[in-house]
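Chain by chain, the residues run as shown.
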Amino acid sequence: MKNNFFITGMGRSGTTLLEKLLCNHNELSVLSQPIPLLFVDIKKRFLNTLGIDKYYVLNDSINNEDYNLEEFIAFLKTFKYKTGEIHRIFEKMTTFSGQLTSVDYSNFDNTERSFLELFLKVNRENAHNINAKYFGSKEILCEEFMPHFIANGIKVLIIVRDPRDVLTSVNYPNSTKFLGEKKPSLFVLRSWRKSIDFIKAYQHNSDLIYLKYEDLILKTEETLNKVTEFLGVGKFPVNHFKDGILNQKGEIWKSNTSSNVNSVKISSQSIGSYKTKLSKSEIAYTEAICYKEMSYFNYKTTITMEDRAEIIKSFKDKDIPVQVELPKNYSSLLENISLEISRFLK
């Protein structure tokens, strides 16, 4: 299954920027979130076989205690969707705000299909560049699908961003709330750590490349050269994006950054935005929760290792709206405090 690829990462980490840059390459076709609910649906079906029923199914760690990753991969290999099920899922996506690319599913026949077969079919049959050498798409929070893709020869690109800026973008956007209402800090940061866990587990695989958002912004040409080499396509021409970035329709793309929705060019203004938007306690808490992972990716912190436990114990979120799916005090629940402290005491 060569000539296929997948982009993922934590929401608000630069997945869309990477996708939009790559869709400007004449040898690539990249769809933006064409089948988000298919990823959710098959993960829910798997968890249901274990008697697990939860709302957020894509936010668990590689080291979660609910299931074994190998069991999930085995499920992806063997499960087949019936035609009626496929149509119901795809019809539901037509009114789902998280689907950013409309998909034509009218030509799906009565053949039962696996998750992977649907993924490949959608990317090929809805390609914005039918002459592409590589066909792919982007979905967020889908790192647990990486091993299945890699095992089937599908190249995976994953991007990470400073967790302080991610938390800022999720909880304090200037305009559009891309990931919904404000969420407990720990919930957001655990989702961020998920990317790092999977990168560390699969970083030596030749079908995986990981990037930093900051490098994509500040060293665009150098970073994109690494990506094109990874995919086996030609380099972008020098200064290819000096007049802006085009979307899949060939129109100037206005960045979906939460700090400036009018940006049409690559801008560094979103780097370090946390400094003026997060409180001191939120910054310290983020660094405490993500200390090892930030160090791994060379994100500088303002706290010491010894500070972490006290910061985690004393932190409390403010102004979290009531949500059925998450308790307002999620970050300060005693069980979560104990779990977080135990991570660096082992």
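Before going into details, it helps to say that this report is about the structure given with it.

Before going further, it helps to spend a moment on the overall build of the protein chain. Summing up its helical and strand segments, the protein chain has 15 helices and seven strands in all. For the protein chain, whose C-alpha radius of gyration is 20 Å, the value lies close to the compact-globule estimate of 20 Å for 346 residues. Structurally, the protein chain occupies a C-alpha span of about 55 × 50 × 35 Å along its principal axes. By the burial criterion, 57% of the 346 residues in the protein chain qualify as buried. The long-range fraction of contacts in the protein chain, counting pairs at least 24 apart against all pairs at least 6 apart in sequence, stands at 76%.

A few words now on the pattern of salt bridges. On inspection of all chains with the given rule, the structure shows 21 salt bridges. Across the pair D243 and K242 runs a salt bridge whose closest N-O atoms are separated by 3.2 Å. Neither D243 nor K242 differs from the other in exposure class; each is exposed. One salt-bridge network, in which partners are shared between bridges, spans K43, K54, D60, D66, E143, E144 and K194.

Below, the discussion takes up the state of the cysteines. Scanning the model with the defined rule gives zero disulfides in all. Free cysteine C142: the closest other cysteine sulfur is in C23, separated by 19 Å. For C290, which is in no disulfide, the shortest distance to another cysteine sulfur is to C142 and amounts to 20 Å. Owing to a relative accessible area of 0%, C290 belongs among the buried residues under this scheme.

Here E19 lies in helix 1 (residues 15–22). It is 7.1 Å that separates the C-alpha atoms of E19 and S32, two residues lying 13 residues apart in sequence. Dropping the residues within four chain positions of it, E19 is found in contact with I7, V30, L31, S32, K138 and Q248. Within the structure, the side chain of E19 is placed 2.9 Å from the side chain of S32, a separation counted as a polar contact.

Of all nine residues in helix 7 (residues 163–171), nine are buried, a share of seventy percent or more. Turning to helix 7, its buried residues are P163, R164, D165, V166, L167, T168, S169, V170 and N171. Buried residues along helix 7 sit in contact with helix 8 (185–202), helix 11 (274–277), helix 12 (280–289) and helix 13 (291–296).

On to the packing of aromatic side chains, then. If you walk through the whole model with that rule in mind, you get 26 aromatic pairs. Summarising the aromatic geometry, the rings of F79 and Y81 are spaced 4.9 Å apart at their centres and angled 90° between planes, so their arrangement reads as edge-to-face. Pairwise contacts between aromatic rings join F6, F39, F46, Y67, F72, F75, F79, Y81, F115, F119, F145 and F149 into one cluster. One cation-aromatic arrangement involves R113 over F108; the distance from NZ or CZ to the ring centre is 6.0 Å. The ring centre of Y213 lies 4.5 Å from the NZ or CZ of R161, which sits over that ring.

Contact pair helix 2 (residues 36–49) / helix 3 (residues 69–78): the axes reach a minimum separation of 10 Å and the direction vectors enclose 120°. Helix-helix and strand crossings are classified by hand; for helix 2 and helix 3 the assignment is right-handed. Side by side, helix 2 and helix 3 meet where I42, K43, R45, F46 and T49 of the first sit next to E71, F72, F75 and L76 of the second. The class makeup of the residues in the contact of helix 2 with helix 3 is five nonpolar, one polar and three charged.

What follows concerns the side chain of N4. Here N4 shows up in strand 1 (residues 4–8). Other than its neighbours up to four places away in sequence, N4 contacts L120, R124, Y134, F135, G153, I154 and K155.

On to the side chain of S114. Locating S114 in the fold gives a position in strand 4 (residues 113–114). The class of S114 is buried, set by a relative accessible area of 8%. Contacts of S114, omitting those with residues within four sequence positions, involve F79 and K80.

Procedures and definitions
- Residue positions are given per chain, counting from 1 as you read along its sequence in written order.
- Residue-level local features of this predicted model are given only where pLDDT is at least 70; pairs of side-chain atoms are given and counted only at 80 or more, and the full residue set underlies all totals for whole chains, interfaces and linings.
- Hydrogens are left out, water is left out, and the side-chain values use all remaining heavy atoms of the structure.
- Strands here mean DSSP runs of E at least two residues long; helices mean DSSP runs of H or I at least four residues long; both are numbered from the N terminus.
- Two things to know: the radius of gyration comes from C-alpha atoms, and the globule rule equals 2.2 Å times the number of residues to the power 0.38.
- Only protein chains enter the accessibility calculation, which uses a 1.4 Å probe. A residue is then buried if its area is under 20% of the maximum for its type, exposed if over 50%, and partly exposed in between.
- In what follows, residue pairs with any heavy atoms lying within 4.5 Å of each other are defined as contacts.
- When a carboxyl oxygen of Asp or Glu is within 4 Å of a side-chain nitrogen of Lys or Arg, the pair counts as a salt bridge.
- Put simply, a disulfide is two cysteine sulfurs that come within 2.5 Å.
- Whenever two N or O atoms come within 3.5 Å, that pair is a polar contact, provided that in protein one can donate a hydrogen and the other can accept it, and provided that, for residues adjacent in sequence, both atoms are side-chain atoms.
- Pairing of aromatic side chains requires ring centres within 6.5 Å, counting the rings of Phe and Tyr and the six-membered ring of Trp. Pairs whose planes differ by under 30 degrees are stacked, by over 60 edge-to-face, and all others tilted.
- Ring-over charges, as used throughout, are those where CZ of Arg or NZ of Lys falls within 6 Å of the ring centre and within 35 degrees of the ring normal.
- Fitted lines through C-alpha atoms give the axes, limited to the stretch in contact for helices. The angle between two N-to-C directions lies from 0 to 180 degrees.
- Helix crossings get a hand from a simple test, with the near helix turned counterclockwise from the far one by less than a right angle marking a left-handed crossing and a clockwise turn marking a right-handed one.
- The nonpolar class holds Ala, Val, Leu, Ile, Met, Phe, Trp, Tyr, Cys and Pro. Asp, Glu, Lys and Arg form the charged class, and all remaining residues, Gly among them, are polar.

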